[in-house]
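Below, each chain spelled out in residue letters.
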Amino acid sequence: MRITVTLLKLKLHQPNATRSSEKKQRASQQQVEEMLLARASPSFLPSTSSSPTPSSQTLPPSASFGRNQRSGGALTAASPHCGVRRPVMAAAAAAVPAAKLEDAEALIDSVETFIFDCDGVIWKGDKLIDGVPETLDLLRSKGKRLVFVTNNSTKSRKQYGKKFESLGLSVNEEEIFASSFAAAAYLESIDFPKDKKVYVIGEEGILIELELAGFKHLGGPTDGDKKIELKPGFYMEHDKDVGAVVVGFDRYFNYYKVQYGTLCIRENPGCLFIATNRDAVTHLTDAQEWAGGGSMVGAVLGSTKQEPLVVGKPSTFMMDYLAKKFGITTSQICMVGDRLDTDILFGQNGGCKTLLVLSGVTSVETLQSPNNTIQPDFYTNQISDFLTLKAAAV
């Protein structure tokens, strides 16, 4: 008690300037703590939906079928293997400008796993980006795990394996994760009933992955030739056993598919609306950008007024799946991509380091624009910069 009183007296007799300094320091510390708490709260994290989605409507990957089936938004449940989720920089004031990658060796040594987007990072269309084989060989020689994640749902994992092979790259099927696979994996994770059917607005990749997972499906490319004759009194029938509609990139997209998917979502009780991704553009060729899967998803969203469950980037479903499969902590992962709103946000949502490459859809002007609020940890021209920057560091 005597010691406490003595200390109190000493504190009361401190000079005014010292007490004022301590007061300012405590106030500053409190502001930082409040900011971190705000940025760590679920309401701070952005949804991939066009409008904010309450956290209570977010469907975790482990949820059983039938819970919140009409809910929408990104899937963001954490995995026990995931590290601390970095707060996504959704406000301009909180965005720290990305640093240009200068020391590739330090970045390589700081992580165990590299996750690469494919379109715009590994290839453009059917053309391999310069220096990719040598870069991947370098990372493998240093014992790094390589994983390839793409939002493109037109191919299955096996088909993507053949594409890698055709480009002269040796990549195991187990290292490839496409959004077509993610759609099937998500349905498995919620115990989607095997007696229910999945209507597909998309291409062969989704159908193959659903079949491998044991799910009955209809739609896909075969519905691309179907037309609707709008005669007086015409009524379109649909399968009442459809329990999910999966929408991905579809070059055979038509009005029949929109109407069929809409009827299933609106009229079949509890029917899920699942999107493989909401990418605005894609690289079908290396000559220009083409309308992406988001345009197909947007059409169904417009007619149903239902927000989709997004299983591709930037949803963390695939990140959680990968972390659990390989037993890795996400803080030991570096996500490498060419899109800010999918690849970089995917890495940030998962708590990974992030590297933006300028070999795809994002320019340095877009990255450094005052209107851009998504900033990676680093940026560089293309992944082969790992080779030149490593040599420069030596």
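Preceding this paragraph is the structure being described.
Remember, it's a predicted structure, so these values are computed and weren't measured experimentally.

Trainee: Go over the overall build of the chain with me, naming the residues and quoting the values.
Mentor: Secondary structure assignment for the chain yields 13 helices and 17 strands. In the chain, which comprises 394 residues, the proportion classed as buried is 50%. Restricting to contacts in the chain with at least 6 residues of sequence separation, those with at least 24 account for 72%. Here the chain displays about 18,700 Å² of accessible surface, and carbon together with sulfur accounts for 53% of that area.

Trainee: Give me the lowdown on helix α8 (residues 255-267), citing residues and values where you can.
Mentor: Helix length check: α8 (13 residues) gives 18 Å between terminal C-alpha atoms against 18 Å at 1.5 Å per residue, within 8%. All of the buried residues along α8 are Y256, K257, V258, Y260, G261, T262, L263, C264 and I265. Looking at the buried side of α8, the elements it contacts are β8 (197-201), β9 (216-219), β10 (242-247), β11 (272-275) and α9 (293-304).

Trainee: Requested: an account of the sheet that holds strand β7 (residues 176-178), with residues and values cited.
Mentor: Overall, parallel pairing links the 7 strands, which are arranged β2-β17-β16-β15-β3-β6-β7 in an open sheet. If you trace the sheet from one side to the other, it starts and ends with β2 (99-100) and β7, each paired once. Of the strand pairs in this sheet, strand β15 (residues 333-337) and strand β16 (residues 353-357) are connected by 4 bridges, and their pairing is parallel. In the strand pairing of β16, G337 is matched with L356. Helix α6 (residues 179-189) rests against β6 (145-150) and β7 of the sheet, and its axis sits at about 75° to β7. Contacts from helix α11 (residues 340-350) reach β15 and β16, with the element oriented near 160° to β16.

Trainee: Quick one: what's the story with the pairing of β9, residue by residue and with numbers?
Mentor: With 4 bridges connecting them, β8 and β9 associate as parallel partners. Looking at β9, one finds that V200 is bridged to G219. In this region the chain leaves β8, passes through helix α7 (residues 204-212) and returns to the parallel neighbour β9; the handedness of that crossover is right-handed.

Trainee: Break down helix α10 (residues 317-326) for me, with residues and values.
Mentor: Three or more residues of α10 are buried, namely F317, M318, M319, D320, L322 and A323. In this structure, the buried residues of α10 make contact with β3 (113-116), β6, β7, α6, β15 and α11. Of the residues one or two after α10, G327 is the one with positive phi, at around 65°.

Trainee: Explain the nonpolar core residue by residue, including any values.
Mentor: In terms of nonpolar packing, the biggest core is built from 35 residues, with I115, L187, F192, V198, L210 and L272 touching the most fellow members. Looking at this core, the elements with two or more residues in it are β6, α6, β8, α7, β10, β11, α10 and β15. Element by element, the count of residues in this core is highest for α6, at 7 residues. Core analysis: the second largest hydrophobic core is formed by 33 residues, F116, L138, I176 and A178 among them.

Trainee: Any chance you could break down the environment of N277 for me, citing the residues and the numbers?
Mentor: Along the polypeptide, N277 turns up in the loop between β11 and β12 (281-282). For the pair N277 and G248, spaced 29 residues apart in sequence, the C-alpha to C-alpha distance is 6.7 Å. A polar side-chain atom of N277 sits 2.7 Å from the main-chain carbonyl oxygen of N151.

Trainee: So what about unusual backbone geometry? Which residues, and what values?
Mentor: Negative phi is the rule for most residues except glycine; trans is the rule for most peptide bonds. The omega torsion of the bond from K313 to P314 falls at 5°, within 30 degrees of zero and hence cis. Even without a glycine there, the phi angle at D191 is positive, about 55°. Looking at where D191 falls in the secondary structure, it is placed in the loop between α6 and β8. Taking relative accessible area as the criterion, D191 reaches 56% and is therefore assigned exposed. Not every positive phi belongs to a glycine, and K305 is a case in point at roughly 60°. Turning to its location among the elements, K305 is positioned in the loop between α9 and β14 (309-310).

Trainee: Quick one: what's the story with empty space enclosed by the protein, residue by residue and with numbers?
Mentor: Per the stated rule, a full pass over the model turns up 3 cavities of 30 Å³ or more. Considered as a void within the structure, the largest cavity measures approximately 140 Å³ in volume. D119, N151, N152, D279 and T282 are, among the 18 residues lining the largest cavity, the residues nearest its centre. Going through the elements one at a time, β12 and α11 are the ones with two or more residues in the lining of the largest cavity. Here the lining of the largest cavity is composed, by residue class, of 2 nonpolar, 10 polar and 6 charged.

Trainee: Provide a residue-level description of the packing of aromatic side chains, including the pertinent values.
Mentor: Using the criterion set out here, one finds 15 aromatic pairs in the structure. Note on F116 and F148: the rings are 5.9 Å apart at their centroids and 25° apart in plane angle, and the pair reads as stacked. Of this pair, F116 sits in strand β3 while F148 sits in strand β6, and the two are 32 residues apart along the sequence. Among the residues examined, F148 registers a relative accessible area of 0% and is labelled buried. In this structure an aromatic cluster arises from ring pairing among F114, F116, W123, F148, Y160, F164 and F386. A cation sits over an aromatic face here: K155 above Y160, 5.8 Å from the ring centre.

The rules we used
Residues numbered from 1 in each chain as written. Predicted model: local features only at pLDDT ≥ 70, side-chain atom pairs only at ≥ 80, totals over all residues. Heavy atoms only, no water. Helix = DSSP H or I, 4+ residues; strand = E, 2+ residues; numbered from the N terminus. Buried < 20%, exposed > 50% of the residue type's maximum accessible area, 1.4 Å probe, protein only. Contact = heavy atoms within 4.5 Å. Areas by Shrake-Rupley, 256 points an atom, 1.4 Å probe, with all protein chains shown as cover. Expected span 1.5 Å × (residues − 1). Pairing = 2+ DSSP bridges. Axes fitted to C-alpha atoms, helices over the stretch in contact; angles between N-to-C directions. Right-handed = clockwise from strand over helix to strand, strands pointing away. Core = buried A, V, L, I, M, F, W, Y, C linked by side-chain atoms within 4.5 Å. Polar contact = N/O pair within 3.5 Å; in protein donor to acceptor, adjacent residues only side chain to side chain. 1 Å grid on protein atoms, 1.4 Å probe; cavity = no way out; pocket = protein on both sides within 12 Å on 5 of 7 lines; lining within 4 Å. Points joined across faces, edges and corners; volume = space filled by probe spheres on them. Nonpolar A, V, L, I, M, F, W, Y, C, P; charged D, E, K, R; others polar. Phe/Tyr/Trp six-rings, centres within 6.5 Å; stacked < 30°, edge-to-face > 60°. Lys NZ or Arg CZ within 6 Å of the ring centre and 35° of its normal.

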